Amino acid sequence: MDKQFAAALCNADEESLTAIANKGIYKRAVKDSENTEAEITEHDTSAEVTFSDVKCVITVPLENSSCTCPSRTICRHIITAILLLKKQLPDEDVTDEEIVPQETEMPEKAPEKQESISEKADKKPEKSRSGLTKNDIEKIHSSAGMCMGLICGVLTHGLVRIPETAAEDFELAAVRCHGTEMAECERLMRGLGGRLADHASRRASFDIVSFTDRLLRTAEHLESIMKDEITSDDLGSFRNVYENVEGRLELLPIGQRTIAGGEYEGEVYYFLNNDIDAKQRFLTFSDIRPTFYETAVKRRMAACPWGLEVPLSSMMKQRMTLVGAKVCDGKLSASKETIVAAYSPAMLNCSLVHSLMVTDFREIVLRLGESASERETDKLFFIYPKRMVRYGFDKNEQRLDITFEDKNGRIADCSVKYRSESKKFIEQLETICKKMKAVPQKAYTMLVTAYIENGRLHFFPIEIYDFINPVDLHKFEFPQEAEQALEEAGLAEDIGRHISNVRGVLTKIVQTGLQSEHDLRGIIDESRRFGMNGLAGLITEIADTAENCRHSFTDGSQKVLEAMCRLNRYITAAEERISVLSALSGLDTISFKGEE
């Protein structure tokens, strides 16, 4: 084994191996390498590692290694083989300095003047305001261009003619993005690769509408980082950046939810920030671990953060004061610097909770429309309904629906989808519903996650309290501008249907590709009949660029892609406005169709 190959193995640490694969593959490989016996044949610049009915050929650079398994990307077998080879290395360390690139012979040159240290310092790479060198930016632009090329390829061929290797190509692009520290691009490209794998396997979970939107949002992000000046915000971060909370953070525990049945499982704990002036009132702590590589024993270990000597679950009836707390997007960190400085019995029937209880469902709809945030903590609400109207299990949708009425008689559904993991939870909810029906005058308060789906307001229940009796509720007045907008709700249904048809234009292009003909004259004329001339112009731009692309020898797919991104932005904004109007008008009618 030559020094260059040995050095490459020696320097193959967790960070570098994760970069050429991913975190899950690396963790699985670490576990496999502990109990695997392999047959190893070493050569000068490579090695063959045979185990578990596969043979891996490890070469330099390591990402060019191959495996006999069906995977076309860097698989867990290759990472396992690298880890097994590392164990065979002699104790002497091999450093980066010993990696000498092979060069061809060059003609001798006259000796050059030796540069002083100060002269070398003056020749350091020039950095932009974001701290990136010109070379860094060139690498980022190159990676972004490669990703954009893959997206244009999907657009050109369409999903009906897409190559079988497309999912793996996107995964490899994500690996390259990781190497150039393009965290957001890596996430987006890996997500697209996963959806393409679903499409290739014909999984029912694949949604062409969702995929099209994701594809165009990714293209839009790539456009933003192909400019000359790039910021760290453009690139994103591989890890959540937690901000320090100054002083003491007082937390009131308000709920707990179990996550199970997928790739991750564990508990999510919900807290209320006692500071009424805090920007983020709801906070969460997640004790969730991946299930695909950890042992069952590890998964059962409950978290004891913040210097606690007992699991957090046993502290959920205690008001806690944290010192050195760190928060990111409403999520509390388990940092060792954070400690519980004091705790006392928690009282939920207090003015702090009363002031946040919503009695008018319209308030929730408006706040969801204003926020447009995907964070769970921005969708949490205490609701105080007037009564439960009815409940039952919808056999067609396999869903438990509980219909609640607010103080003004407006209706919204609280829904839980049935899965084997949610069976016990649904049974508990049905027991509570029976109590609500038996004593209809009894007041209940609920902690829910609120969302708008198909133009209607829905809740997902986290906790239900029967002991909170509010005295002083906050007052809500429906804004006058919302009243005026609600007058347009009569047209919202027709416009919403048209916008849905326009989105269908985008999905059809992605489905069949640019080489297929797309007659868009009808949808353009209909847009003009609605008085939406701006929308008609955006669709016309797509029609013209797609036509030019079909009849040109040069690749014009990127121009079509840019036009599609502009239309997608318009559609998204229109859908958000229409969904709010539909949800406001839909509160007045009962949508429940289940059995009592």
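Residues numbered from 1 in each chain as written. Predicted model: local features only at pLDDT ≥ 70, side-chain atom pairs only at ≥ 80, totals over all residues. Heavy atoms only, no water.

Asks: Got a minute to help me understand the sheet that holds strand 1 (residues 39–42) in this structure?
Replies: Across a sheet, strands are paired by hydrogen bonds formed along the backbone, either parallel or antiparallel in direction. With respect to topology, four strands assemble into an open sheet ordered 1-2-3-4, the strand pairing being antiparallel. Two strands lie at the open edges of the sheet, namely strand 1 and strand 4 (66–67), each paired on one side alone. In this sheet, strand 2 (residues 46–51) lies alongside strand 1 in antiparallel orientation, the contact comprising four bridges. Counted as the bridge partner of Glu39 is Thr50 from strand 2. (Pairing = 2+ DSSP bridges. Helix = DSSP H or I, 4+ residues; strand = E, 2+ residues; numbered from the N terminus.)

Asks: Got a minute to help me understand the pattern of salt bridges in this structure?
Replies: A side chain with one charge can pair with a side chain of the opposite charge if their charged atoms come near. Counted according to the given criterion, the structure contains 25 salt bridges. In this structure, Glu171 and Arg190 form a salt bridge, with 2.9 Å as the shortest nitrogen-oxygen distance. Note that Glu171 is positioned in helix 7 (residues 166–179) and Arg190 in helix 8 (residues 183–200), a separation of 19 residues in sequence. Taking the relative accessible area as the measure of exposure, Arg190 reaches 23% and is therefore partly exposed. Its salt-bridge partner being Glu376, residue Arg257 comes within 3.4 Å of it at the nearest N-O pair. Here Arg257 is found in strand 6 (residues 248–259), whereas its partner Glu376 is found in the loop between helix 13 (361–371) and strand 14 (380–383), with 119 residues between them in sequence. (Salt bridge = Lys/Arg side-chain N within 4 Å of Asp/Glu carboxyl O. Buried < 20%, exposed > 50% of the residue type's maximum accessible area, 1.4 Å probe, protein only.)

Asks: Explain the state of the cysteines to me, please; I cannot follow it from the model alone.
Replies: Disulfide: a covalent bond connecting the sulfur atoms of a pair of cysteines. All chains considered together, the criterion is met by zero disulfides. There is no disulfide at Cys185, and the cysteine sulfur nearest it, in Cys177, is 4.9 Å away. Among the residues examined, Cys185 registers a relative accessible area of 2% and is labelled buried. (Disulfide = S-S within 2.5 Å.)

Asks: I would appreciate a short explanation of the pairing of strand 17 (residues 411–417) in the present structure.
Replies: Burial of strand 17 is extensive: six of the seven residues sit out of reach of the surface. Here strand 16 (residues 399–405) runs beside strand 17; their pairing, made up of seven bridges, is antiparallel. Within strand 17, the residue paired with Ile402 across the bridge is Cys414. Linking two consecutive strands that pair antiparallel, namely strand 16 and strand 17, is a turn of five residues; a positive phi of about 85° is found at Gly409 within it. Sheet topology note: the strand 17/strand 19 (residues 456–465) ladder contains two bridges and is parallel. Note that in strand 19 the partner of Cys414 across the bridge is Phe459.

Asks: Any chance you could explain the nonpolar core here in plain terms?
Replies: Counting residues in hydrophobic clusters, the biggest one holds 62 residues, and the most contacted among them are Phe211, Met564 and Leu567. Apart from the residues lying within four places of it in its own chain, the contact partners of Leu567 are Val502, Leu506, Leu535, Leu538, Ile539 and Ile542. In terms of nonpolar packing, the next biggest core, distinct from the first, is built from 32 residues, Ile364, Cys414, Leu429 and Phe478 among them. (Core = buried A, V, L, I, M, F, W, Y, C linked by side-chain atoms within 4.5 Å. Contact = heavy atoms within 4.5 Å.)

Asks: I keep staring at the packing of helix 16 (residues 489–512) against helix 19 (residues 557–586) and nothing clicks. Help me out?
Replies: Packed helix pairs are characterised by how far apart their axes lie and by the angle those axes make with each other. Where helix 16 meets helix 19, the axes come as close as 9 Å, and the angle between the chain directions of the two elements is 150°. In terms of orientation, helix 16 and helix 19 fall into the roughly antiparallel class. Crossing of helix 16 over helix 19 shows left-handed handedness. Between helix 16 and helix 19, the contacting residues are Ala489, Ala492, Ile495, Gly496, Ile499, Val502, Arg503, Leu506, Ile509 and Val510 on the first element and Met564, Leu567, Asn568, Tyr570, Ile571, Thr572, Ala574, Glu575, Ile578, Leu581, Ser582 and Ser585 on the second. (Axes fitted to C-alpha atoms, helices over the stretch in contact; angles between N-to-C directions. Parallel < 35°, antiparallel > 145°, perpendicular 65-115°, else oblique. Left-handed = near helix turned anticlockwise from the far one by under 90°.)

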